[in-house]
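Chain by chain, the residues:
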Amino acid sequence: MRAIAIYDLDRTVTLRPTFTPFLAFAARRRAPWRLAFAPIWLLALIGYKLKLYPREPLKAFGLTLFVGRRVPPAIMDDLASAFTEQTCAQNIAPGARRAMAADRERGATLLLVTAAPELYAVPVARALGFADCIATRHRRTAAGDWCALIDGANNYGAEKRRRVEDWLSRQGLKREDVHITAYSDHSSDAPLFDWADDAVLIGPYHAAKSGWRVEDWRA
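Conventions and cut-offs
- Residues numbered from 1 in each chain as written.
- Predicted model: local features only at pLDDT ≥ 70, side-chain atom pairs only at ≥ 80, totals over all residues.
- Heavy atoms only, no water.
- Core = buried A, V, L, I, M, F, W, Y, C linked by side-chain atoms within 4.5 Å.
- Buried < 20%, exposed > 50% of the residue type's maximum accessible area, 1.4 Å probe, protein only.
- Contact = heavy atoms within 4.5 Å.
- Axes fitted to C-alpha atoms, helices over the stretch in contact; angles between N-to-C directions.
- Helix = DSSP H or I, 4+ residues; strand = E, 2+ residues; numbered from the N terminus.
- Parallel < 35°, antiparallel > 145°, perpendicular 65-115°, else oblique.
- Nonpolar A, V, L, I, M, F, W, Y, C, P; charged D, E, K, R; others polar.
- Pairing = 2+ DSSP bridges.
- Expected span 1.5 Å × (residues − 1).
- Arc of directions from axis to C-beta.

Caption draft 1: Molecular detail of the nonpolar core. Counting 48 residues, the largest nonpolar core has Y7, F22, V67 and F130 as its most contacted members. Residues contacting Y7, with those up to four places away along its chain left out, are V13, A99, M100, D103, L110, L111, L112, V113, F130, Y183 and W217. Core analysis: the next-biggest nonpolar cluster, separate from the first, contains 20 residues, I6, V164, V178 and A196 among them.

Caption draft 2: The arrangement of the packing of helix α3 (residues 38–49) against helix α4 (residues 55–66) in detail. Contact pair α3 / α4: the axes reach a minimum separation of 11 Å and the direction vectors enclose 175°. Taken together, the axes of α3 and α4 are roughly antiparallel relative to one another. Along the contact surface, α3 presents A38, I40, W41, A44, L45 and Y48, while α4 presents R55, L58, F61, G62, L65 and F66. The residue inventory of the contact of α3 with α4, partitioned by class, reads ten nonpolar, one polar and one charged.

Caption draft 3: Structural detail: the sheet that holds strand β1 (residues 2–7). Reading across the sheet, the six strands line up as β4-β3-β1-β7-β8-β9 and stay open at both edges, with parallel pairing between neighbours. Looking at strand neighbours, the two that pair on one side only are β4 (132–136) and β9 (212–215), the edges of this open sheet. Strand after strand, the sheet turns through a mean of 20° between neighbouring axes, direction not considered. Helix α7 (residues 118–128) contacts β3 (109–117) and β4 of the sheet and is inclined by roughly 155° relative to β3.

Caption draft 4: Up close: helix α6 (residues 94–105). Its twelve residues give α6 an end-to-end C-alpha distance of 17 Å, which sits within 8% of 16 Å, the value for a rise of 1.5 Å per residue. Along α6, the residues that are buried comprise G95, A96, A99, M100 and D103. The buried residues of α6 occupy an angular sector of 135° when the element is viewed end-on, so they sit on one face. Exposed and oriented more than 90 degrees from the buried face of α6 are R98 and E105. Buried positions along α6 lie against β1, α1 (9–13), β3 and β7 (178–184). Among the residues trailing α6, G107 stands out with phi positive, at a value near 90°.

In structure tokens:
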């Protein structure tokens, strides 16, 4: 039976969230004047917390404010590469590194499955040695420019399980052919946890359901 280890990104593999830091990083590197939009972004985050709109338009709005509505691939590659280097140097949880090493040692295939944008999630996954990355997709123009708009659904909650099932199908694998371990800091991943063979809740952020193991990877 093939072993598959599924890792969330923010506050699971990383110590801190990545989306707003990426926006600030990209603005500082490409167009520092965009940092003046920070108060507008704060108001947008408050609106999201108040459930005035879903995550998809919030993410598109943030990318438009701080990065741009459309970004040529060469520029996005530069931004993502530099952000990946910083993330891997400063924001990876020690326990995550140990868990990834242990999963590789036992022969598991490592997947990064995250709601973070593919813009930087895929380069981070590659840098950390994941076999594949399932992240929130973004639209591209005919010329290949990256767009702020999301392509499809935000890869969150039940969408994660659906896309992992699609990934298994593309690999020619059936659910009964694999043993799945899932790691996440957030109870929104309950659909994936309930479907996995082993579920590991990372950190003290959310209460664990019966059958979920709890680990703290910050130390």
